[in-house]
Amino acid sequence: MKAAVVVEPNKVEIQDIGIPEIKGDEVLIKVKTVGVCGSDLHLFKGTHAFRKPPAVLGHEVAGEIIKIGNDVTNFKVGDRVTVEPHIGCGKCEYCIKNLINLCSNKCVPGTESWGGTFADYFNAPQNKVYKIADHISDEIATLIEPLAVGIHAIERISVPERDTIAILGSGTIGLLTLVAAREAGYKHIICTDTQPFNLKMAERHGAALALNPLEEDVAAKILEFTNGRGVDVAIVAADSKVIVDQAASIVRKRGEVGIVAMITQQIPVNTYQFVFNEISLFGAMTYETKDFKKACKLINEGLDISDFITQRLPLNQSQQALDILSEKKENVVKVIVEVNQ
Ligand SMILES: NC(=O)c1ccc[n+]([C@@H]2O[C@H](COP(=O)([O-])OP(=O)(O)OC[C@H]3O[C@@H](n4cnc5c(N)ncnc54)[C@H](O)[C@@H]3O)[C@@H](O)[C@H]2O)c1
Ligand SMILES: [Zn+2]
Ligand SMILES: [Zn+2]
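Worth saying up front: this structure is predicted, and the values here are computed from it rather than measured. (Residues numbered from 1 in each chain as written. Chains lettered and ligands numbered in written order. Predicted model: local features only at pLDDT ≥ 70, side-chain atom pairs only at ≥ 80, totals over all residues. Heavy atoms only, no water.)

K.L.:
What's the story with the overall build of the chain in this structure? I'm lost.
P.N.:
Scanning the chain from terminus to terminus reveals 11 helices and 16 strands. Taken over the C-alpha trace, the chain has a radius of gyration of 20 Å; the compact-globule value for 341 residues is 20 Å, and the two agree within 12%. Judged by the C-alpha coordinates and their principal axes, the chain covers about 60 × 40 × 40 Å. Within the span of the chain, comprising 341 residues, buried residues form 54% of the whole. (Helix = DSSP H or I, 4+ residues; strand = E, 2+ residues; numbered from the N terminus. Rg over C-alpha atoms; globule rule 2.2 N^0.38 Å. Buried < 20%, exposed > 50% of the residue type's maximum accessible area, 1.4 Å probe, protein only.)

K.L.:
Can you help me understand the site of ligand 1 in this one?
P.N.:
Inspection of the region around ligand 1 gives 26 residues, with Asp193, Val260, Ala284, Thr286 and Lys328 positioned closest. Contacts to ligand 1 include Ile173, whose backbone N or O atom sits 2.9 Å from an oxygen atom. Contact between ligand 1 and Lys328: an oxygen atom at 2.8 Å from a side-chain N or O atom of the residue. Protein coverage of the free-state accessible area of ligand 1, which is 860 Å², stands at 87%. Only α1 (38–45) and α5 (172–184) provide two or more residues apiece to the shell around ligand 1. The residue inventory of the shell around ligand 1, partitioned by class, reads 12 nonpolar, 12 polar and 2 charged. Domain assignment of the residues forming the shell around ligand 1 places at least three in each of domain 1 (2–147 + 287–338) and domain 2 (157–283). (Near = heavy atom within 4 Å. Polar contact = N/O pair within 3.5 Å; in protein donor to acceptor, adjacent residues only side chain to side chain. Areas by Shrake-Rupley, 256 points an atom, 1.4 Å probe, with all protein chains shown as cover. Nonpolar A, V, L, I, M, F, W, Y, C, P; charged D, E, K, R; others polar. Domains from an automatic or database assignment.)

K.L.:
How should the coordination of the zinc ion (ligand 3) be read in this particular structure?
P.N.:
Ideal geometry at a metal gives 109.5 degrees between four tetrahedral donors and either 90 or 180 degrees between six octahedral ones. Only Cys89 (SG), Cys92 (SG), Cys95 (SG) and Cys103 (SG) from the protein coordinate the zinc ion (ligand 3), and they sit 2.3 to 2.4 Å from it. If you look at the zinc ion (ligand 3), its 4 donor atoms make angles of 103 to 116° with each other, and the shape they trace is tetrahedral. In the primary structure, the donors to the zinc ion (ligand 3) are separated according to the pattern C-x2-C-x2-C-x7-C. Note on Cys95: relative accessible area 9%, which makes it buried. The exposure class assigned to Cys103 is buried, which follows from its relative accessible area of 4%. (Donors = N, O, S within 2.8 Å, 3.2 Å for Na, K, Ca; no water. Tetrahedral: all angles 85-135°; square planar, octahedral: opposite > 155°, others 65-115°.)

K.L.:
Sorry, what's going on with the UniProt feature "domain: Alcohol dehydrogenase-like C-terminal" (unreviewed entry) in the chain here?
P.N.:
Within this numbering scheme, the UniProt entry marks residues 173–300 as carrying the feature "domain: Alcohol dehydrogenase-like C-terminal" (unreviewed entry). Helix makes up 43% of residues 173–300 and strand makes up 21%, while its end C-alpha atoms are separated by 19 Å. (UniProt positions renumbered as here; feature names shortened; annotations may be inferred.)

K.L.:
How should I be thinking about a nonpolar patch on the surface in this particular structure?
P.N.:
On the surface, Tyr272, Val275 and Phe276 cluster together to form a nonpolar patch covering roughly 390 Å² of accessible area. Residue Tyr272 is classed as exposed on the basis of its relative accessible area of 56%. (Patch = residues over 30% accessible without salt bridge, like charges linked within 9 Å, V, L, I, M, F, W, Y side chains within 5 Å. Salt bridge = Lys/Arg side-chain N within 4 Å of Asp/Glu carboxyl O.)

K.L.:
Honestly, the coordination of the zinc ion (ligand 2) in this entry has me stumped. Any pointers?
P.N.:
Surrounding the zinc ion (ligand 2) are the protein donor atoms Cys37 (SG), His59 (NE2), Glu60 (OE) and Glu145 (OE), which sit 2.2 to 2.7 Å from the metal. The coordination sphere of the zinc ion (ligand 2) comprises 4 donor atoms, whose angles at the metal cover 85 to 166°; the geometry is irregular. Sequence positions of the donors to the zinc ion (ligand 2) reduce to the motif C-x21-H-E-x84-E. Of the two residues, Cys37 is situated in the loop between β3 (26–35) and α1 and His59 in the loop between β4 (55–56) and β5 (60–68); the sequence distance between them amounts to 22 residues. Cys37 gets classed as buried once you look at its relative accessible area, which sits at 13%.

K.L.:
Would you explain the pattern of salt bridges in this entry?
P.N.:
Between side chains of opposite charge, a pair can form as their charged atoms come close. In the structure shown here, the tally under the stated rule is 25 salt bridges. One salt bridge in this structure joins Glu278 and Arg254, with 2.6 Å as the shortest N-O distance. Residue Glu278 is located in the loop between α9 (271–276) and β14 (280–283), and its partner Arg254 is located in strand β13 (residues 251–259); the two are separated by 24 residues in the primary sequence. The shortest N-O distance in the salt bridge between Lys290 and Glu288 comes to 3.8 Å. For Lys290, a relative accessible area of 44% puts it in the partly exposed group. A cluster of three or more residues bridged by salt bridges with shared partners is formed by Glu155, Glu288, Lys290, Asp291 and Lys294.

K.L.:
Explain the pairing of β3 to me, please; I cannot follow it from the model alone.
P.N.:
The side chains of a regular strand alternate, residue by residue, between the two faces of the sheet. Among the 10 residues in β3, 9 count as buried, and that is most of the element. Strand direction decides the pairing type here: β3 and strand β7 (residues 121–125), joined by 5 bridges, are antiparallel. Residue Leu28 lies in a different strand from β7, and its bridge partner there is Asn123. The pairing of β3 with β5 spans 8 bridges and is classified as antiparallel. Opposite Leu28, over in β5, you have Lys67 as the bridge partner. Bridging between β3 and strand β16 (residues 334–338) involves 3 bridges; their strand directions are antiparallel. Looking across to β16, one finds that Gly35 is bridged to Ile336. (Pairing = 2+ DSSP bridges.)

Next up, the structure:
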């Protein structure tokens, strides 16, 4: 089968590799569409925490089951599905609490033990597989995984007030966090981005205020909007040297800052803002199964986020698909790679 492999940093090759063998509890999926994710860019550039070249790209997927293992009871050949792409060790303290995202020995795609989704076929155990509703397209179903990231970021918040939230960065993750915040009942959502196109998208999906840090004083505007109080929560969904300080400067006393972005270098942080205003800081890593199920439900019930898909390319143009997201020379939110269409 064909697969897009990062052979060395900044180089993708389409290679012919073996079709995955399935175990008794696994299904074999003919891949239809896959999403290009920020973490694929990290694998591509060699900056990912644990995905290292050579590796097949991808973990966001929609496709059709073409084969099932002997022990598979929940699915049949022909089912259209997506996959929650992580498998915990099942034994550690975190797996026992259903926190697979925190398992130190979890298995994820694009590593030695599991292929990637940028391939003709992808295997997964049945308990990680979810059906796609008939009327939902493959490409929209591909957004279930990143939507689960946004849902998890919102679920991690412990400040009870749901009045104002700021989301710094309106790429795929920031925008899907906006959608999750809206669904969770936040009254006023403020988004930032350096790209006018992404700001328009945020406004279209419910942001009350969309600010460009290159053109305006984000902190001043947010304080003005909140009558000097600051937002209850700020979620960091972009990588920048000053973004954690910026988040702390717009959060109210006893508010919270959540980091979902993978900030790949060490950055200085003004701790005084956290101390003097008793601000809490949390991280949000992928999702729990309950978040993934919630994302499936929202999408299967027809959540309209089709305009987040801005480019579609075939598998043999995977390198270009990564370049579009990386270079941002054109308007982009989510790039979809079409595999077997
Ligand atoms: N925690 C997790 O589990 C998880 C999962 C997926 C992605 N991520 C990370 O989340 C981040 C966002 O992912 P994405 O797919 O949306 O990436 P993306 O590149 O599509 O989006 C980032 C957005 O931030 C904007 N931006 C850049 N500098 C900014 C600034 N100073 N202020 C405001 N906006 C700015 C960009 O224009 C872009 O629209 C990445 O770091 C990614 O690695 C984390
Ligand atoms: Zn992803
Ligand atoms: Zn574990």
